[in-house]
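This is what each chain is made of:
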Amino acid sequence: MEQQQQHRLDDHGQIFVYFPIIPTKKSGLIYGVVKPNESYYNCLNVYVVSFEEDAVHQFEPIGTWNTEDNSSRNKSPYWINLITENHHPKIESAVVAGVHVPMSQALLVLYDESFLQSEILERNEDWKNSKCLCELGSLLRLSHNIGVKREEVSHQQITESVFNHSKVVLQLRQRALQWRAWRSCRSELISTNLLLMMLIDLFLGFCFVRMFHSLGGANEVLEMFLESVKVIADNLQLLIEWLMGVPVGLKLNRPLSTVLGKFFLYHLYLWKTYIDIIKPIVSTIIFISSTVGLIGLSFQMALLSDLITMASLHCYCFYVYATRLYGITLHGLGSTLRMFGGRKWNPLRSRYDSGDFSWDQLCVGMFIFSSLLLLLPTLLVYYVVFLALRLCVLFLQGTLRRLIWIINSLPSYSLLLWILGSPSLAGDVLFEVIPGRDSTLKLVWTKLPLMESMRRSLNPSAPEYPGVNWAKRLNEMVSGDLIYPI
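All values derive from a computational prediction rather than experimental measurement.

A word on the overall build of the protein chain. For the protein chain, the count of helices and strands is twelve helices and twelve strands. When the 486 residues of the protein chain are sorted by exposure, 45% land in the buried category. Nonlocal contacts in the protein chain, meaning residues at least 24 apart in sequence, comprise 69% of its contacts between residues at least 6 apart.

Okay, here's the thing in structure tokens:
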């Protein structure tokens, strides 16, 4: 009280009265807090947050609403009388430290209490930078017995491990993080998002299992898988034999093309033998998938991604061989070209230094450069073909990975609230002028665009979005570096 009595207004001061748009009572005393406005000199903020006296006397009576009851006026140095005019509240009189404030210096701000339901509004930068809005939110939560600080769930990430190369193991660890986050979370929005995400995943997994059995069960699916692998292997054999000839009319280096073709055909033969060996393993995996599907569609997609990795192992080996040969050839051409310019690579200082080369060294370099340059077209054709196969596999695995990310991260409950226009997703507040009332503003909540609302309410412990650095990938393709899963 003594501190509050020191707040006075001079002729240039302003008083801001925050009053609810929809009062809980038609008349009576109003309770709240008066604080100095830190943004403007010699201004006061009057927060009306309650129409009933609380048991612990957190808020004092600071005026009346549609009544002449001034019995408590002497208890407070501030007294605001408000009435209803044209269906909107209006300040009838205001007294600060015994001095009547002219109506030209009193501004009424009507606020919508429903923004209290939002858990993402506090992440808005404009809200956090506004001292008066933060104070209003804190006082309203105090009057409604809501914690001022909501508990945040830490965004835990999966630790690196060799087992993370299996998408099934990675998804199991991800689900464990989600379960722990749901059990420890006290935020209604976050916990509901997590629970609904897991239930939707289970439902989609159950639908997948039903479709799986409608196709004939594990044996039928195994036969379809082996038949598809056999067709891929046969087409790959025809492709290699085509490359050993005159593909698209290109005159390749026949000895090198024959050696490479026979090398790849031998590995293809090993691949077919490998398929016969892993047939029981694939059968077991497909049988397990019909059961694992009951714990979520994301696990089915993870299993499918692992099966694609297993089934395309030969394509990956061919791609590695062709990439290494192509990369070594480019590196050799670059080194010999630098030698002709009198420069060489210094590995100790990691830079190019000038160097003196003898005539014999230059002759050997000329021979190596000519040989590599003549072999480059043949190696380039094989590299482009197997690079295309590699990109097809990476496209399938990248699509599955992003679908799994959507299932693990999409806040379905927040999406439903956004569609329904619920104040629980209020992301910002705006001041609106009431027509015909220059001294009255209305503080209303607004929802953010869909993508921004989804970003602010993503499920905790969700993995980072698997983005692609296309410039880096293109550089890897041109320079002959290996492209790892995207």
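We are not done yet, so read on.
On to the sheet that holds strand β3 (residues 43–50), then. Pairing is mixed across the open sheet formed by ten strands, whose spatial order is β7-β6-β5-β4-β2-β3-β1-β8-β12-β11. Each having just a single partner strand, β7 (99–100) and β11 (426–433) make up the two edges of the open sheet. Sheet contacts for helix α2 (residues 131–143): β1 (14–20), β2 (28–36), β3, β8 (106–111), β11 and β12 (440–447); angle to β3, the most-contacted strand, approximately 25°.

As a further point, take the layout of surface pockets. When its volume is computed, the second largest pocket comes out at roughly 820 Å³. Lining the second largest pocket we find 30 residues, and of these F225, S228, L304, L307 and I308 sit closest to its centre. Listed by contribution, the elements that provide at least two residues to the lining of the second largest pocket are α4 (188–214), α5 (217–243), α6 (254–292), α7 (297–311), α8 (313–340) and α9 (359–409). A per-class count over the lining of the second largest pocket returns 24 nonpolar, six polar and no charged.

Time to look at helix α3 (residues 167–184). Side chains that are three or four residues apart share a direction in an α-helix, a result of its 3.6 residues per turn. Between its first and last C-alpha atoms α3 spans 26 Å; for 18 residues at 1.5 Å apiece the expected length is 26 Å, and the two agree. Every buried residue belonging to α3 is among V168, Q171, Q174, R175, L177, Q178 and A181, and all of these are buried. Where α3 is buried, its residues contact α4, α7 and α9.

It is worth spelling out the environment of K90 at this point. With respect to the secondary-structure elements, K90 resides in strand β6 (residues 88–96). For the pair K90 and N66, spaced 24 residues apart in sequence, the C-alpha separation works out to 9.9 Å. Ignoring anything within four residues of it in the chain, the contact list for K90 reads N81, L82, I83, E85, L108 and R437.

Here the structure, examined in full by the defined rule, presents six salt bridges. Notably, a salt bridge pairs E85 with K90, separated by 3.3 Å at the nearest N-O pair. Taking relative accessible area as the criterion, K90 reaches 32% and is therefore assigned partly exposed. In this structure, D201 engages R175 in a salt bridge whose closest nitrogen and oxygen atoms are separated by 2.5 Å. Placement of D201 in helix α4 and of R175 in helix α3 is noted, with a sequence separation of 26 residues between them.

Moving on to the pairing of β12. Strand direction decides the pairing type here: β8 and β12, joined by four bridges, are parallel. Along β12, the bridge assignment pairs V109 with L441. Across seven bridges, β11 lies against β12 in antiparallel orientation. Counterpart to A426 in the pairing with β12 is K447. Connecting β11 to the antiparallel partner β12 that follows it, the hairpin turn spans six residues, and G436 within it adopts a positive phi of roughly 80°.

This part covers the pairing of strand β10 (residues 351–354). When strand β9 (residues 343–346) meets β10, the two strands line up antiparallel, connected through four bridges. Along β10, the bridge assignment pairs K344 with D353. Between β9 and β10, which pair antiparallel one after the other, the connecting turn spans four residues, and S350 there sits at a positive phi close to 55°.

It is worth spelling out empty space enclosed by the protein at this point. Under the criterion given, the structure shown has one cavity of 30 Å³ or more. One number sums up the size of the largest cavity: a volume of about 30 Å³. Around the largest cavity, the lining residues are T64, T67, E68, N81, L82, I83 and E92. At three residues, strand β5 (residues 78–85) tops the list of elements feeding residues into the lining of the largest cavity.

All right, on to the nonpolar core then. The biggest cluster of nonpolar side chains holds 42 residues, and the ones touching the most others in it are F264, F318, Y319, Y382 and F386. Looking at this core, the elements with two or more residues in it are α5, α6, α8 and α9. Setting aside its immediate chain neighbours within four residues, Y319 contacts Y383, F386, L387, R390, D481, L482 and I483. Judged by nonpolar contacts, the second largest core, of 24 residues, contains V33, V49, L107 and V109.

Here a ring pair, both rings aromatic, is described through the centre-centre distance and the interplanar angle of the planes. Scanning the model with the defined rule gives 14 aromatic pairs in all. With 5.7 Å between their ring centres and 85° between their planes, F19 and F51 make a pair best called edge-to-face. One end of the pair, F19, is in strand β1; the other, F51, is in the loop between β3 and β4 (60–65), with 32 residues separating them in the sequence. F51 shares its class with F19; the two are buried. Note on F318 and F386: the rings are 5.5 Å apart at their centroids and 55° apart in plane angle, and the pair reads as tilted. Pair noted here: F318 is in helix α8 and F386 is in helix α9, with a separation of 68 residues, a long-range link.

With that settled, consider the packing of α4 against helix α10 (residues 412–420). Axis separation between α4 and α10 bottoms out at 7 Å; the angle between their running directions is 110°. Judged on the interaxial angle alone, α10 and α4 are roughly perpendicular. Along its contact with α4, which presents L189, T192, N193, L196 and I200, the element α10 presents S412, Y413, S414 and L417. Along the lines of polarity and charge, the residues of the contact of α4 with α10 split into five nonpolar, four polar and no charged.

The rules we used
Residues numbered from 1 in each chain as written. Predicted model: local features only at pLDDT ≥ 70, side-chain atom pairs only at ≥ 80, totals over all residues. Heavy atoms only, no water. Helix = DSSP H or I, 4+ residues; strand = E, 2+ residues; numbered from the N terminus. Buried < 20%, exposed > 50% of the residue type's maximum accessible area, 1.4 Å probe, protein only. Contact = heavy atoms within 4.5 Å. Pairing = 2+ DSSP bridges. Axes fitted to C-alpha atoms, helices over the stretch in contact; angles between N-to-C directions. 1 Å grid on protein atoms, 1.4 Å probe; cavity = no way out; pocket = protein on both sides within 12 Å on 5 of 7 lines; lining within 4 Å. Points joined across faces, edges and corners; volume = space filled by probe spheres on them. Nonpolar A, V, L, I, M, F, W, Y, C, P; charged D, E, K, R; others polar. Expected span 1.5 Å × (residues − 1). Salt bridge = Lys/Arg side-chain N within 4 Å of Asp/Glu carboxyl O. Core = buried A, V, L, I, M, F, W, Y, C linked by side-chain atoms within 4.5 Å. Phe/Tyr/Trp six-rings, centres within 6.5 Å; stacked < 30°, edge-to-face > 60°. Parallel < 35°, antiparallel > 145°, perpendicular 65-115°, else oblique.

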